[in-house]
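An overview of the molecular structure
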6 protein chains.
Amino acid sequence: MFYHQKKLQYFKPPQKPDAVYAMKIQELIGGTFGEMTVMMQYLFQGWNCRGPAKYRDMLLDIGTEEIGHIEMLATMIAHLLDKAPVKVQEEGAKDAVVGAVMGGTNPREMIMAAAMNPQHAIVSGLGAMPADSVGFPWNGRFIVASGNLMADFRSNLHAETQGRLQAVRMYEMSDDPGVKDTLSFMIARDTMHQNQWEAAIEDLQQSGLESTPVPSSFPLELEKREVAYQFWNHSDGNESAEGRWAKGRSMDGKGEFQYIEHPQPLGPEPQPPQPDPKLHGTPQHRQTDGNGSSAPPLVDRINIRS
Amino acid sequence: MFYHQKKLQYFKPPQKPDAVYAMKIQELIGGTFGEMTVMMQYLFQGWNCRGPAKYRDMLLDIGTEEIGHIEMLATMIAHLLDKAPVKVQEEGAKDAVVGAVMGGTNPREMIMAAAMNPQHAIVSGLGAMPADSVGFPWNGRFIVASGNLMADFRSNLHAETQGRLQAVRMYEMSDDPGVKDTLSFMIARDTMHQNQWEAAIEDLQQSGLESTPVPSSFPLELEKREVAYQFWNHSDGNESAEGRWAKGRSMDGKGEFQYIEHPQPLGPEPQPPQPDPKLHGTPQHRQTDGNGSSAPPLVDRINIRS
Amino acid sequence: MFYHQKKLQYFKPPQKPDAVYAMKIQELIGGTFGEMTVMMQYLFQGWNCRGPAKYRDMLLDIGTEEIGHIEMLATMIAHLLDKAPVKVQEEGAKDAVVGAVMGGTNPREMIMAAAMNPQHAIVSGLGAMPADSVGFPWNGRFIVASGNLMADFRSNLHAETQGRLQAVRMYEMSDDPGVKDTLSFMIARDTMHQNQWEAAIEDLQQSGLESTPVPSSFPLELEKREVAYQFWNHSDGNESAEGRWAKGRSMDGKGEFQYIEHPQPLGPEPQPPQPDPKLHGTPQHRQTDGNGSSAPPLVDRINIRS
Amino acid sequence: MFYHQKKLQYFKPPQKPDAVYAMKIQELIGGTFGEMTVMMQYLFQGWNCRGPAKYRDMLLDIGTEEIGHIEMLATMIAHLLDKAPVKVQEEGAKDAVVGAVMGGTNPREMIMAAAMNPQHAIVSGLGAMPADSVGFPWNGRFIVASGNLMADFRSNLHAETQGRLQAVRMYEMSDDPGVKDTLSFMIARDTMHQNQWEAAIEDLQQSGLESTPVPSSFPLELEKREVAYQFWNHSDGNESAEGRWAKGRSMDGKGEFQYIEHPQPLGPEPQPPQPDPKLHGTPQHRQTDGNGSSAPPLVDRINIRS
Amino acid sequence: MFYHQKKLQYFKPPQKPDAVYAMKIQELIGGTFGEMTVMMQYLFQGWNCRGPAKYRDMLLDIGTEEIGHIEMLATMIAHLLDKAPVKVQEEGAKDAVVGAVMGGTNPREMIMAAAMNPQHAIVSGLGAMPADSVGFPWNGRFIVASGNLMADFRSNLHAETQGRLQAVRMYEMSDDPGVKDTLSFMIARDTMHQNQWEAAIEDLQQSGLESTPVPSSFPLELEKREVAYQFWNHSDGNESAEGRWAKGRSMDGKGEFQYIEHPQPLGPEPQPPQPDPKLHGTPQHRQTDGNGSSAPPLVDRINIRS
Amino acid sequence: MFYHQKKLQYFKPPQKPDAVYAMKIQELIGGTFGEMTVMMQYLFQGWNCRGPAKYRDMLLDIGTEEIGHIEMLATMIAHLLDKAPVKVQEEGAKDAVVGAVMGGTNPREMIMAAAMNPQHAIVSGLGAMPADSVGFPWNGRFIVASGNLMADFRSNLHAETQGRLQAVRMYEMSDDPGVKDTLSFMIARDTMHQNQWEAAIEDLQQSGLESTPVPSSFPLELEKREVAYQFWNHSDGNESAEGRWAKGRSMDGKGEFQYIEHPQPLGPEPQPPQPDPKLHGTPQHRQTDGNGSSAPPLVDRINIRS
């Protein structure tokens, strides 16, 4: 069960409205790596967790924190959209210098009204939306909750990495002190969360519950070990031979990397079986029915047999 | 530019058709972590890569390998769907023991025909589809290519982790020696690829190009450092205090973890600005217009001013 | 900011696992009218609310309650999926009565393994997912937060109506006392929430902030009043003349319903303008260029002019 | 079966092309509450209707009217896109006042060409599309047809409410007399349709077929009546106590509202069952297999048993 | 503007309910090539048509016919879902032969209840839905209306081809005389419509408005003519040399097919430009800032310059 | 299995960056008819092909070529986004002519930064994405692979037709010699590919494997032949009588076109069966239960019977 507390975790309002920036910062709410993703991802991982209690508790702690991050960004968007000009002005009289160019309209406003997310005006009435910076809605396929904690902690580390990268890019794209201040709080939390998932990975590994390759509970002898440490060079050129992945002990300590410079197929040519005539796909050879028609009465005879 | 070689990288055909298994193994082609995802993810990362040549080359090597993995699974699905019964039989005469129950129909076939992916019959004519195990189409939001290699390598590590986990689960869900043999090859490649991305992360870190927190090129003093290593305990109970993330040196070596047992908001209550009357949202107070109407002629007067 | 409390708002575990029912009850989590929808809808409406404080507070209260409803259903799904048979068994020996039919396999298990949501095994490891009963992911277009409270309260009333209808249907589709008990709690909350939104609509109407037609702040004289109370009978037959909508005082008290038995168009035939030749659409008449070619060098000349 | 009549229900062409406005007005065609939604919603409700004939007839009347509304808007978009400049001009010579700023290009055209929906040029050749104002395609999850007429009429009332709100916003965002005139017709029809659904709700209620709580055919004694009229205050502060929903007779006349100021959970802590080892999720305790390996050969032994 | 006529274009009811077939036949309503697609495709093409009047009229004729096809299939689905068992029965006593296997339940019903589309029960109350056979919603990206009539007629020919193929497959998957009779009407209409689009292509070609390659109004000399008739053999083996596409006069009569057995790249290696440091992508070389830090204070200095 | 060759099939870099054009040209990568579609469509058709070897080989040749086309466009986008201004500049001092209008900012840059695809900066770090020109992700429903080669070749012809049309439109929308040169290569390949699919259709027809109507293996006597060549005039006016489709020999040579000027329904009024009370839909008549309640205790009694 959940409770709400009216104050925001942290917040400085933007100094000025900026409808285009409001459109862009939607990425941090409803984008693939927005706050909706981490919130839902951690809550579902927590709810589905059957591992040790500390992991479940920790997942629900951070998932609950993230709900509040959406709240902060939604509040920021409401401010950024304040008094957004929603009408692209007509050009006016041409007799003044400014008028000659923009017909008396403030050019920045004209651009803002043309390039903002139209749904911020038409659909949400100047409020945040559960969508990304191009208006694509957040969806449930954005989250990962597999039941295997190592698989999920790696996902979480990557989500916070993409998340911090995007928040930093938004920081660089603003000159507004309020926006920058609020983002500097969120970027710091992402620093914590990257550290947190690295710590959780170490913690889980030391518990002996999971290790590379994940899932570690699957017996290695059931996989084709002979190809388990080979790098296949599928392109011409071999700069890829210079990397750590091409030679030396494998990272799981269970094999030796090999560089296969000229990889060759180990399998046969595919021979997909001939199509069921009931589905009227094209077979390898024409079915002759004695009367030369290209529409043989296959079906009736087949029906009898089926 | 790309070339195709007719033989498969590896393949053993299934011993028996199984339309329900064909439906399920679509997850490994078109699911969030299916082969289409890793193929497209590595190719786009490679095409967009501006980092050292070895990374670009390596990304295109593995992306090219993954195209062939879709090919292997597509071939397997064609075999699994061979002669799939597509019609759910009517119940027939009731005079025999078997007939008493299933009307003369093979019950396994009846279940197969009812529970298979209907599109395998109606849409693809018994061929593989670019969709997952519930028929949801693969889409471009499944992939990650951010331009920051550390962010992407972490994504790749996680994708191969989820991918191997899912392949292992499919292995457990089959009794067919051909299916299991082919999967054991793919599982081994996933072992390599988990190792590969761990190696690539180490390689990149040692190059000095990226480190935690990512992106490392963003000056730490621009984030709110005071909250950069705090764990906020947002739920009752504190099992989460027991983890590595709650105390000790942070993983990036740049701070000390702190456990905030009773986190309090640092921000104010939100005060979203009052709505623009042109958008006809609900304001805090009723706009009185002197004539008591609840539909005041706001618009005209506003139009004049705007 | 939000807090989590470990106990569930209400819960009785199911008596028996049932993987097919687990698939179906996903509708109440991630379907169009599942708990994810009402949770997100009320939270976004609350965060975007600029109306009187009591509405904002109320929206955040109920939105916060709904997060806990997802938690209850996620827990139920974990129980329903416990020990779900994930492998569709082969048919075995045919020498026994049962074996003759199902090859020694429990037929209910065989059906369950074939017809369950495959992603519950492959993707989530027997946990709940942010998707509906056919595996389609929840998405942000499911929610409504328009900034106009009457528009949104009507949406909320309808969401709780659909939601209770679906919960009742799920109740009818189960024989499990635990499932039925938990659902009877949720159905009762839906009763409250239908009442709540009816009350909120009355409350808002009495505040004078909104009335029919919504938005009431738009001056009625700006719409074509002559068609504002006409029912147009677009189909043959006129059973539709018998309804309340076809005669008498209009519900907003501002007009009189009229039944137009033989509606006629008031507009002209459309005359879409001829296509820009640069876009190579098909025009009404062939553009002759003097040399009879069907590929006239339009472009060059156009480029000069543009 | 349907027939088409060439004239439009109503139409005034726009005075001037405006590609950005064309992009925005797509919301009224293919948005969540666009004409495609109401058309499809009413037709599917009509086709699926098993209630009294007058409802079915009425639903098909209005559904058929709505097809013509898409037609009107599609025609308007064709006009708005007429001669839309599709190329963002280069900057030219800098020697004149205007040239100093925009290089000889009309600035409004430059903004239009940059900010228009690119698919209006590339994909549709300056025609309307079945998508919303950010280019997201209309989809079938936008509509509601539940088989319960009260549930659906409430949905319809809300759809027409959102629809009129959005049409009014578009009206406010235009200065074009043709656009405004055509919209004033559509806004008036939305006034009718809000009235119509309120009338239909009253009509249905008086028929005794449905009442609050919906579905009314579900016996109230099967829900947990003790929580059926409680408002749970999940957030700090209690402004929400001031509303009609917090005290007094419930709207269905079957209970009394109660305000629960400090809500407490009624359920236990969740105890999701331990994971099936075949799915390789992370369990609460490490499975020891006597040889200290973190990859115990679980599978083989399990296979034997399964 | 449109009118509705209560009778169906054609219809025979199914003899028996069959919930699994109801799920499958949704493909013909809401699948990629279902009736919703052709209806919307022809209507949008008609509304957007600027070509000769006969094309516009014809497009609106057939688009209007297709609305009625959805109506026929929706009616069929209502019949197929009549009295669908929605509850997967528990197994009962084991003392009888039948009971030993299915616990007294009709096995066909058990399979039907498990494998049907759950939304047919929970969401639509046994009515048709705007979705395909796996429950994926119809969406606007399924249709094509490009403004170029030849491009669109080719699309229409292909849509009717896929549509007839799918209807034929559904015909083969049924034993019900009512279903088969109704489908035999729809299949015949698809025969007409394939013929119709072939006729329309011929008609358009003879009008001189369009020819291969489409769009024919683009001057051929602006394309790289030297590669306009070459077949590139990108795979090993050269069975592809045997086809009509590999030699002889090209189909447009404007060139000669050439078979390039060993295709070689004509372009350079890609050299994507180095990333903007503000976006914190990974560059080719580490940016040294004199103090050895991997997080150089790039931003501040960049901000000054920007 | 596949191999990569580092050089591009063809490429000329753009002369200047242009972030808005980069957004638009995404249509050619990830749009409905972008290179991702043709690549995936041909590869899946090839992998699923059971027809003669020459078709399979040819499909894989062209599918493999198309991977390289994505690569070319991805490289072009990297160049177009080079040094894209990502920040919408504030207005500065007003003392100069230019400053009076744009505050010292380059207006083209300001428009570019406002109207570009925000994800090109935030998500991909100035790289190409698997999405279209409005940022909607490519998805698997865009492709067609039916198992029937004629159905698929018609789809392929149409895809290349739409593809060339869109490439030509992009060509017209650019002034950049590099962009135009590269596009002129791709347009020429589309010329080849239109010719190729026309050739493949002829080739397949001459093989006797398929003809109109497709699928030709379905016996014509099983369809309602009496409506197989009728054009139904569903709209007022009869310009549609003037086309080739309205009279004369049908294109398949098996019938005669007929123009039905006043089409009448051949079917009855729909009579959908009454709803199952367990699903709580609205029935035609109120169910009376003797106590006048509108919520009769149906359920209990039904449960007993079920």
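Residues numbered from 1 in each chain as written. Chains lettered and ligands numbered in written order. Predicted model: local features only at pLDDT ≥ 70, side-chain atom pairs only at ≥ 80, totals over all residues. Heavy atoms only, no water.

Quick word on the interface of chain B and chain A
If you look at the interface, chain B gives 112 residues, while chain A gives 111 residues. Considering only the side of chain B, the residues that lose the most area to chain A are Arg141(B), Lys224(B) and Trp245(B), jointly responsible for 8% of the buried surface there. At the boundary of chain B and chain A, one finds ten salt bridges. Here Arg154(B) and Glu198(A) are joined by a salt bridge, their closest N and O atoms 3.0 Å apart. Those elements giving two or more residues to the side of chain B that touches chain A turn out to be α3 (53-80), α7 (149-172), α8 (177-206) and β2 (230-232) of chain B. In terms of residues, the side of chain B that touches chain A owes the most to one element, α8(B), which gives 16 residues. Taken together, the residues that form the side of chain B that touches chain A break down as 48 nonpolar, 33 polar and 31 charged. (Contact = heavy atoms within 4.5 Å. Buried area = accessible area lost by both parts, 1.4 Å probe. Salt bridge = Lys/Arg side-chain N within 4 Å of Asp/Glu carboxyl O. Helix = DSSP H or I, 4+ residues; strand = E, 2+ residues; numbered from the N terminus. Nonpolar A, V, L, I, M, F, W, Y, C, P; charged D, E, K, R; others polar.)

Brief notes about the interface of chain A and chain E
Size of an interface, as often reported, equals the accessible area lost when the parts are brought together. On the chain E side, the residues contacting the eleven residues of chain A number eleven residues. Counting the surface lost from both chain A and chain E, the interface buries some 1,000 Å², and carbon and sulfur atoms represent 51% of this. Here chain A and chain E share zero salt bridges between them. Remark: the boundary between chain A and chain E carries four residue pairs in polar contact (both at pLDDT 80 or more). When residues of the side of chain A that touches chain E are traced back to their parent elements, those giving at least two are α7 (149-172) and α9 (298-305) of chain A. Of the residues forming the side of chain A that touches chain E, the biggest block, four residues, is contributed by α7(A). (Polar contact = N/O pair within 3.5 Å; in protein donor to acceptor, adjacent residues only side chain to side chain.)

Focus: the relation of the copies chain A and chain E
By a simple turn and slide, chain A fits onto chain E: the slide is 0.0 Å along the axis, the RMSD is 0.0 Å, and the turn is 180°. Those values place the two copies in the arrangement expected of a two-fold rotation axis. Looking at chain A, 100% of its interface residues are interface residues in chain E too, so the copies touch through the same face. (Least-squares fit on C-alpha atoms with pLDDT ≥ 70 in both.)

Quick word on the packing of aromatic side chains
Enumeration over the complete set of coordinates arrives at 69 aromatic pairs over all chains. On the basis of an interplanar angle of 45° and a centroid distance of 5.1 Å, the ring pair of Tyr42(A) and Trp197(A) is categorised as tilted. On the criterion of sequence distance, the pair formed by Tyr42(A) in helix α2 (residues 35-48) and Trp197(A) in helix α8 (residues 177-206) is long-range, its members being 155 residues apart. Tyr42(A) gets classed as buried once you look at its relative accessible area, which sits at 0%. Taken together, the ring pairs connect Tyr42(A), Tyr55(A), Phe153(A), Trp197(A) and Trp245(B) into an aromatic cluster. Positioned over the ring face of Phe136(F) is Arg141(E), at 4.3 Å from the centre of the ring. (Phe/Tyr/Trp six-rings, centres within 6.5 Å; stacked < 30°, edge-to-face > 60°. Buried < 20%, exposed > 50% of the residue type's maximum accessible area, 1.4 Å probe, protein only. Lys NZ or Arg CZ within 6 Å of the ring centre and 35° of its normal.)

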